[in-house]
Amino acid sequence: MSENTLTIDGKPVHFKDGDTIMEAAIRAGIYIPHLCHDPELKPQGNCKMCEVKVNGRNCSACTFPAAEGQKVLNNIKELNENRRIIVQMLFVEGNHLCPGCEKSGNCKLQAIAYSVGMMEYRFPLIYPKREMDTSHPDILLDRNRCIFCEMCVRAGREVDGKEVFAISGRGIGNHLIVNSPSGLLKDSLLEVTDKAANVCPVGAIIIKRHGFEVPIGQRIYDKKQIAEVSVATEKVLEEKVHG
Amino acid sequence: MAEKLKIATTSLGGCFGCHMSFLDIDERIIDLFDLVEFDRSPLTDIKHCSEYVDIGLIEGGVCNSENVHTLREFRKSCKVLIAVGACAINGGLPALRNFIPLEECLAESYLTGEGIDNPQIPSDIELPLLLDKVHPIHELVKVDYFLPGCPPSGNAFWRFITDLAAGKTPTLPYDLVHYD
Amino acid sequence: MTWSESKQEKVLAIVSKHEIRQTRLLQILREVQDEFHCVPKNALEIVAAELGLARTKVEGVVQFYSLLSLEQQGRFHILFSDSITDQFQGSRELMDYLSAKLGVKPGQTRSDGKVSLGFTSCTGLCDQGPAGLVNGHWLSRLNESRIDRIVDLVEREVPVSSWPLEFFHVEDNIQSPGLLLQSPIDQGEALKQLVREGFEEIFMEINRSGLRGRGGAGFETAWKWRFCAEGPEDYSGSSLVDKNERFVVCNADEGEPGTFKDRILLNSYAHQVFEGMTVCAGIVGAKQGFLYLRGEYLRLRPQLEAILANRRAKNFLGKSILGRNGFDFDIEIHMGAGAYVCGEESALIESLEGKRGVPRVRPPYPIDRGYLDQPTVVNNVETFAAVAAIAAYGGAWFATQGTDKSKGSKIISISGDCERPGIYEYDFGISIAEILMDCGAENTLAVQVGGPSGGIISGKEYHRKLAFEDLGTGGSFMIFNKKRDVLEIVRNFTHFFAHESCGFCTPCRVGTTLLKNEVDKICDGHATSLDLVGLSSLAKFIKTASHCGLGQSAANPVLGSLSHFPQAYKDRFKDVVFEPGFDLDESLETARRMSARDDPWAHLEQ
């Protein structure tokens, strides 16, 4: 019988059979930065924020199976520098105008950017032209802010049991599409209580009439770093879903 | 006592909110004057930079030809150039016009929009021409530091400038970094 | 919204021809596209409803593959290959010529709906370029007089099936055959050997041959098969061997620019390729095989179908092959639709299942969970051809050639600046200098070994050898002489990767576009030495952080040229600290025009 132990940055972590490195880390209360992972959804590994070194090799923690004796490096300079590049890429790829965004202060992209010390964009901006969908009475879809984490796509399929969102296009031309005859959100099956409507880590899908409810200074990431917030909420969810 | 640092400031395509916020350092401005003197700035009404300036603070993105000239003057004079605030860093709210062709923007404002009398595009040579797109300043010149925020708080300004005055690389603690 | 019943019937007929199977979605959409010159929204709805798929899934597939389109294309849809070798043969100028004659721009459809033009990635005719496609069919050796005739045919609306055959003529162009091409097996020879000697014995021969995959990665073929045959284990450690069906897939998605060896193998050695697949099926216990044929090789399809039919008739395929009980196997041809990333084996499997060609997370590998999550062997066309020969002639026949770590031979596709482009087969271990001599290359500036995803080498390294342990290659060998500009090559390759990135992971999706913009900035003369720092760190990041092989190799052109041709970059740099990446004065043009100004203050210096 194996001991089911690996180490993350030198700290021993117990894992269960079938765990990914991310799942083991969440259960152990260790934060590995991520944007496309949610314990309730099937891991996909698209944002690459959770890239760790496993016995010297770069792997996505959210999809890589945990195994006995793995030496995982997570919070190291090289990886954090890579994470800074990824957030910078996501910022220049879309149109992220934080001052005018209802999600500001509660946005995971912004929070990770803060925590990796992103002060500048580094790259020239792309300024893509993207469509907004304001048709739904309760939910707003602003594609300018989409980061293609596919959480809404998966949440619809896996949790809500509905086919609402999908990715279309290819490469930098990827875009989120809505499953309805008109292509509009109002004609889709999406409801305000669905996980798909609430899972967006950024401000691409937001519930209407709740913007700016919480004053600046009291929003989720105003005082607490994402590591602390994430560990607290996801550990509970992880144990609920996978035991 | 060491010589005072020369600081120049300007707002390109910005709202002067960053300048207002700078003044939120309140009474510390007295201490600041022990460290620095202001060169070109709306605070001094000096119109052009001296030959050598230590720190240039740029608020706002680059929207028109005048912004380009101003930014270049700053880059030429300033040893250290700092992009201050969301607009200088990513174009900010003025960059919302980047999604509409300039042709349509100008037509709507001066030719076809509601309530326009005597439609014509202003053409006086003293008026700066608009660029096709609004650009963050790092796409036009080399920028040394970035101070994010909309606006950055007075405390962030204070920390940044005192760090620089002390010869340190400026760093901000978590609660002073924000993009809004 | 009315859509005629006859159109609906046509779509329904296509869907039912494909047995209303979801895995056939891409095949269905290809036929819809052929019929309507686009995938009309109504057709999309019908296909989705019939297959029980969400319309978004169907739309996602249409928008992923570049040979499918939601927008109406012309009844004649003409694409020119944008591969660098075609460009150097004048394809861009020819497109300008064609575009002026037809009165329509690339990327657009003429208002009468008759014709649309565009560019596409390499069409696999680099030795006979400039090349292109008309309604999916190859056009070779384009020149102005040929284009004059094409314009005439289009304007008179002569169906492509009645165009002169010489327009479509493609030669094998085998310049120097070697181990495999010189001694093709007789039909059925390998299978007879397999049945006579037994599966285990032939497996041992393949193991003995030391054959490694010819697609580029070079995994040992025998081991791949063994893993697939033994099947995955579940977490408790017990084998799932009996619970699984197995599949054999031949990867003929030859999309690497500059590669065209599979075109020849499938044109003249298809029997041998199919036989190799059948040998594999016998050994791993697969019942079903697929040939995943790249969309651009449509022209080969009818003859391949005929060969499959012939093999079924001879009982080289079908039930109880050559009388051996339980040895059942058949092969289906599955067409791609213009997506380079589908050459990656897990993306290819997704595409086979009728989905967007997004590479899967690995592990699990296809040998454990491939097509429909079943153990699947994916091998290159050339690998299967070699397998058949090894089964017929024995492992030793193969293993005595080549080098210690790279046994046997390699078929390479030579294009670019040389007297005799075409197909050359060499035993592994041959030096680049010898190859250049053979094909008549002179004044060579650089050789791109393995296509854009491979590496560029300069004169200092022509002593290096073709082998997995030195210069590995899937078969592309592009030669550039000293008149060529290295940065134009880098620009072409970098644009290629940005166009072909699937968009799944951040580093590749965003990184390839940023890289493209930065290389454009350098080529347009706006870069300074400061840009170099950013370029190099961006390139290294994309290489280490991307999800699949496409992203991991997308920065190779930049990294390789930086290390081998640094001067090419320095020559372009301006002697200033920094310059904008866009044309400042041009950026004032709209405002200048609208305000009717042209005074000195209405202009900006860069």
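A few points about the interface of chain A and chain B
At the interface, 29 residues of chain A touch 26 residues of chain B. Carbon and sulfur atoms supply 66% of the area that chain A and chain B bury against each other, a total of about 2200 Å² over both sides. Sorting the residues of chain A by area buried against chain B places Tyr114(A), Met119(A) and Tyr127(A) first, and these three jointly supply 36% of that buried surface. Taken together, the links from chain A to chain B amount to one salt bridge. One salt bridge connects Arg219(A) with Asp180(B), and the closest N-O pair in it is separated by 2.7 Å. Here chain A is connected to chain B by 12 residue pairs in polar contact (both at pLDDT 80 or more). Within the residue set of the side of chain A that touches chain B, elements represented by two or more residues are α3 (108–115) and α6 (220–223) of chain A.

Considering a negative patch on the surface
Residue and element names in this part refer to chain B. Taken together, the side chains of Asp 24, Asp 26, Glu 27, Asp 31 and Asp 34 make up a negatively charged region of the molecular surface. Tracing the backbone shows Asp 31 in helix α2 (residues 28–35). Note on Asp 31: relative accessible area 41%, which makes it partly exposed.

What to know about the domain arrangement of chain A
All names here are of chain A. When its domains are assigned, chain A resolves into domain 1 (5–80 + 226–242) and domain 2 (99–223). Spacing between the C-alpha centres of domain 1 and domain 2 amounts to 24 Å. Each partner contributes to the interface: domain 1 provides 18 residues, whereas domain 2 provides 20 residues. Note on domain 1 versus domain 2: buried area summed over both sides is about 1500 Å², and carbon and sulfur give 62% of it. Area buried by domain 1 at its contact with domain 2 is led by Leu 35, Leu 41 and Ile 226, which between them contribute 43% of it. Viewed at the interface, domain 2 and domain 1 are joined by two salt bridges. One salt bridge in this structure joins Lys 195 and Glu 40, with 2.5 Å as the shortest N-O distance. The tally of links between domain 1 and domain 2 comes to seven residue pairs in polar contact (both at pLDDT 80 or more). Top contributing element to the side of domain 1 that touches domain 2 by residue count: helix α7 (residues 226–242), with three residues.

Some words on the sheet that holds strand β1 (residues 5–8) of chain A
Residue and element names in this part refer to chain A. Across the sheet, which stays open at both edges, the five strands sit in the order β2-β1-β5-β3-β4 with mixed pairing between neighbours. The sheet is open, and its two edges are formed by β2 (11–14) and β4 (57–60), each paired on a single side. Neighbour-to-neighbour, the strand axes of the sheet open up by a mean angle of 35°, direction not taken into account. Alignment of strand β3 (residues 51–54) against strand β5 (residues 71–73), held across two bridges, turns out to be antiparallel.

Observations regarding the packing of aromatic side chains
All chains considered together, the criterion is met by 28 aromatic pairs over all chains. Both rings, one in Phe428(C) and one in Phe468(C), keep their centres 5.2 Å apart while their planes meet at 45°; by these two values the pair is tilted. In this pair, Phe428(C) is assigned in the loop between β11 (422–427) and α18 (432–438) and Phe468(C) in the loop between β13 (455–458) and β14 (476–481), connecting sequence segments 40 residues apart. Look at Phe428(C) and you get buried, because its relative accessible area is 5%. Classification of Phe468(C) by relative accessible area gives buried; the value is 17%. An aromatic cluster is defined as three or more aromatic residues linked by ring pairs; in this entry it consists of Phe91(A), Tyr114(A), Tyr121(A), Tyr174(B) and Tyr179(B). Positioned above the aromatic ring of Phe168(C), the side-chain terminus of Arg299(C) is 4.6 Å from the ring centre.

Focus: the pairing of strand β5 (residues 78–84) of chain B
Within a regular strand, the side chains alternate between the two sheet faces. Residue and element names in this part refer to chain B. Here β5 lies mainly inside the structure; six of its seven residues are buried. Examined bridge by bridge, strand β3 (residues 53–59) and β5 share six bridges and lie parallel to one another. Each residue of the ladder has a partner; that of Leu 57, found in β5, is Ile 82. As judged from the three bridges shared by β5 and strand β7 (residues 145–147), these two strands associate in the parallel manner.

Overview of the environment of Leu550(C)
Residues and elements named next belong to chain C. You can see Leu 550 is positioned in helix α22 (residues 549–554). Separated by 257 residues in sequence, Leu 550 and Leu 293 have C-alpha atoms that sit 19 Å apart. When neighbours within four sequence positions are excluded, Leu 550 is seen to be in contact with Tyr 340, Val 341, Phe 497, Glu 500, Ser 501 and Cys 508.

Thoughts on the interface of chain A and chain C
Frequently, the measure chosen for interface size is the accessible area removed from exposure when the parts meet. Counting residues at the interface gives 41 residues for chain A and 38 residues for chain C. Summed over both partners, the interface of chain A with chain C buries about 3100 Å², with 58% contributed by carbon and sulfur atoms. Contact with chain C buries surface across chain A, with Lys48(A), Met89(A) and Arg170(A) losing the most and accounting together for 23% of the total. Joining chain A to chain C, the criterion identifies two salt bridges. Between Glu500(C) and Arg170(A) there is a salt bridge, and its shortest N-O distance comes to 3.2 Å. Across the chain A-chain C interface, the total number found is 17 residue pairs in polar contact (both at pLDDT 80 or more). Counting only elements with at least two residues in the side of chain A that touches chain C, the list comes to α2 (77–93), β8 (165–168) and β9 (175–178) of chain A. Looking at which element gives the most residues to the side of chain A that touches chain C, the answer is α2(A), with seven residues. Here the residues of the side of chain A that touches chain C are counted per class, giving 19 nonpolar, 14 polar and eight charged.

Parameters and conventions
Residues numbered from 1 in each chain as written. Chains lettered and ligands numbered in written order. Predicted model: local features only at pLDDT ≥ 70, side-chain atom pairs only at ≥ 80, totals over all residues. Heavy atoms only, no water. Contact = heavy atoms within 4.5 Å. Buried area = accessible area lost by both parts, 1.4 Å probe. Salt bridge = Lys/Arg side-chain N within 4 Å of Asp/Glu carboxyl O. Polar contact = N/O pair within 3.5 Å; in protein donor to acceptor, adjacent residues only side chain to side chain. Helix = DSSP H or I, 4+ residues; strand = E, 2+ residues; numbered from the N terminus. Patch = residues over 30% accessible without salt bridge, like charges linked within 9 Å, V, L, I, M, F, W, Y side chains within 5 Å. Areas by Shrake-Rupley, 256 points an atom, 1.4 Å probe, with all protein chains shown as cover. Lys, Arg positive; Asp, Glu negative; His and termini not counted. Charge placed at Lys NZ, Arg CZ, Asp CG, Glu CD. Buried < 20%, exposed > 50% of the residue type's maximum accessible area, 1.4 Å probe, protein only. Domains from an automatic or database assignment. Pairing = 2+ DSSP bridges. Axes fitted to C-alpha atoms, helices over the stretch in contact; angles between N-to-C directions. Phe/Tyr/Trp six-rings, centres within 6.5 Å; stacked < 30°, edge-to-face > 60°. Lys NZ or Arg CZ within 6 Å of the ring centre and 35° of its normal. Nonpolar A, V, L, I, M, F, W, Y, C, P; charged D, E, K, R; others polar.

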